[in-house]
Amino acid sequence: MSDPVVLLDDLRDESEELDRLVGELTKEQWKAPTPAPGWTVAHQIAHLAWTDRAALLAATDAEAFAAETEKALVAPDRFVDEGAEEGAALPPAELLARWRADRARLQEALRAAPPGTRFPWYGPPMSASALATARLMETWAHGQDVADALGTVRAPTARLRHVAWIGHRARDYAYLVRGEQPPAEPFRVELVSPRGELWTYGPEGAAQRVTGPALDFCLLVTQRVHREDTALVAHGLDAAHWLTIAQAFAGPAGAGRPARTAPGEA
């Protein structure tokens, strides 16, 4: 994992890039449907604002965060959508103001955290670095949904290395959340970065490997693209299966995205 200061700088930059994308949208553009069923651009930003606020509570008020966790346990299948619906109903200017304020306060809290601090979360407690990595991954992934809705192509950046890291790190979770037993042996992931560098994760001699573009891997583990629409190559049967279930985010097994091109079509 990267240095916490670098991570927080990258999280700030990722959020600001998305902010620039939505900051001047019209009211109609805020209502544009995204690839997530039932979610508009407003829902995507509202979800990020809601989750950033939850992270802020985890970092600054453990008791308040525990109370929010209790609410989530009452409606585990609805609380994420309900949070997005509540925020999406706000005027865009108010929603943006809330997101900006809470993510700025989250930055301050994580930068001020003493080394070794662990914060409560919906799963195991997380370090400042882990929490920042998770927030960056989610900001990038939901930003992709917004870009898709607006017909915008975003230039990939070196910040993808954090998304790739958590995608590799969450390998076993993808199996367990589906009731499957993770393979005993570690996997190797070798990715070509946007600048042509090689990013590697896992032991060099692993028999099961995944190779290909970093952007494709990040889109896949955040379930923003179908396996068939990537240039990723699996070396080994276990690696091939993993690419059909990979997910970098917590929560239930995601349904993923349908393939853009049916098998056999040009």
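Below is a short write-up of the structure. Since we're looking at a predicted model, the values are computed, not measured.

Scoring rules and cut-offs
- Along each chain, residues carry numbers from 1 onward, in the same order as the chain's sequence is written.
- Local features in this predicted model are restricted to residues whose pLDDT is 70 or higher, and side-chain atom pairs enter the listing and the counts only when it is 80 or higher, whereas totals over whole chains, interfaces and linings include all residues.
- Side-chain measures here rest on the full set of heavy atoms in the structure, leaving out hydrogens and waters.
- Helix and strand definitions here come from DSSP, where helices need a minimum of 4 consecutive H or I residues and strands a minimum of 2 consecutive E residues; each element is numbered from the N-terminal end.
- Should any heavy atoms of two residues lie within 4.5 Å, those residues are considered in contact.
- Stacked, tilted and edge-to-face pairs are distinguished by plane angle, under 30 degrees for stacked and over 60 for edge-to-face with tilted covering the rest, among Phe, Tyr and Trp rings (Trp via its six-membered ring) whose centres lie within 6.5 Å.
- In this scheme, the term charge over a ring applies when either NZ of a lysine or CZ of an arginine sits within 6 Å of the ring centre and within 35 degrees of the ring normal.
- We define a salt bridge as a contact between a side-chain nitrogen of Lys or Arg and a carboxyl oxygen of Asp or Glu at a distance within 4 Å.
- Each residue is assigned to one of three classes by its accessible area relative to the maximum for its type, calculated with a 1.4 Å probe on protein chains only: buried under 20%, partly exposed between the two thresholds, exposed over 50%.
- Two strands are said to pair when DSSP picks up at least two bridges between them.
- Fitted lines through C-alpha atoms serve as axes, helices being fitted only where they are in contact, and the angles separating the N-to-C directions of these axes extend from 0 to 180 degrees.

1. Section: the side chain of aspartate 10
Turning to its location among the elements, aspartate 10 is positioned in helix H1 (residues 4–22). With residues near it in sequence (within four places) discarded, aspartate 10 still touches Leu136, Arg159, Arg161 and His162.

2. Description of the packing of aromatic side chains
Using the criterion set out here, one finds five aromatic pairs in the structure. Ring-pair connections join several aromatic residues into one group, and the members of that group are Phe65, Trp121 and Tyr122. The ring of phenylalanine 187 carries arginine 171 above its face, with NZ or CZ at 4.3 Å from the centroid.

3. Overview of the pattern of salt bridges
Under the counting rule described, the total for this entry stands at 20 salt bridges. The shortest N-O distance in the salt bridge between arginine 161 and aspartate 10 comes to 3.1 Å. With a gap of 151 residues between them, arginine 161 in helix H8 (residues 160–169) and aspartate 10 in helix H1 connect regions that are remote in the sequence. On the basis of relative accessible area, aspartate 10 is assigned to the buried category, the value being 11%. When the shortest N-O distance is used, the salt bridge between arginine 135 and glutamate 138 registers 2.5 Å. Remark: glutamate 138 and arginine 135 occur in helix H7 (residues 128–150); sequence separation between them is three residues, near one turn of the helix. For the pair shown, arginine 135 and glutamate 138 are each scored as buried. What you see here is one network of salt bridges that share partners, running through Asp9, Arg12, Asp13 and Arg111.

4. Concerning the pairing of strand E5 (residues 209–213)
Relative to E5, strand E3 (residues 188–192) runs parallel, the two being bridged by five bridges. Within E5, the residue paired with leucine 191 across the bridge is glycine 212. In the sheet, E5 pairs with strand E6 (residues 233–235) via three bridges, with the strands oriented antiparallel. From the neighbouring strand, threonine 211 faces E6, where its bridge partner is valine 233.

5. A short note on the pairing of strand E4 (residues 198–201)
Two faces, one strand: in a regular strand the side chains alternate between the faces of the sheet. Only one face of E4 is buried: it carries Trp199 and Tyr201, and the other face, with Leu198 and Thr200, is open. Sheet analysis places E3 next to E4, joined by four bridges and oriented antiparallel. By the bridge assignment, glutamate 190 is partnered in E4 with threonine 200. Turn length for the E3-E4 hairpin, with the two strands adjacent in sequence and antiparallel, is five residues, and the turn residue glycine 196 shows positive phi of about 90 degrees.

6. Side note on the sheet that holds E4
Taking strand neighbours across the sheet as the criterion, the four strands line up as E4-E3-E5-E6 in an open arrangement whose pairing is mixed. Across the chains shown, the open sheet's two edge strands, defined by having one partner strand only, are E4 and E6. When strand polarity is set aside, the average angle formed by the axes of neighbouring strands in this sheet is 15 degrees. Seen against the sheet, H8 touches E3 and E4 and runs at an angle of roughly 25 degrees to E4.

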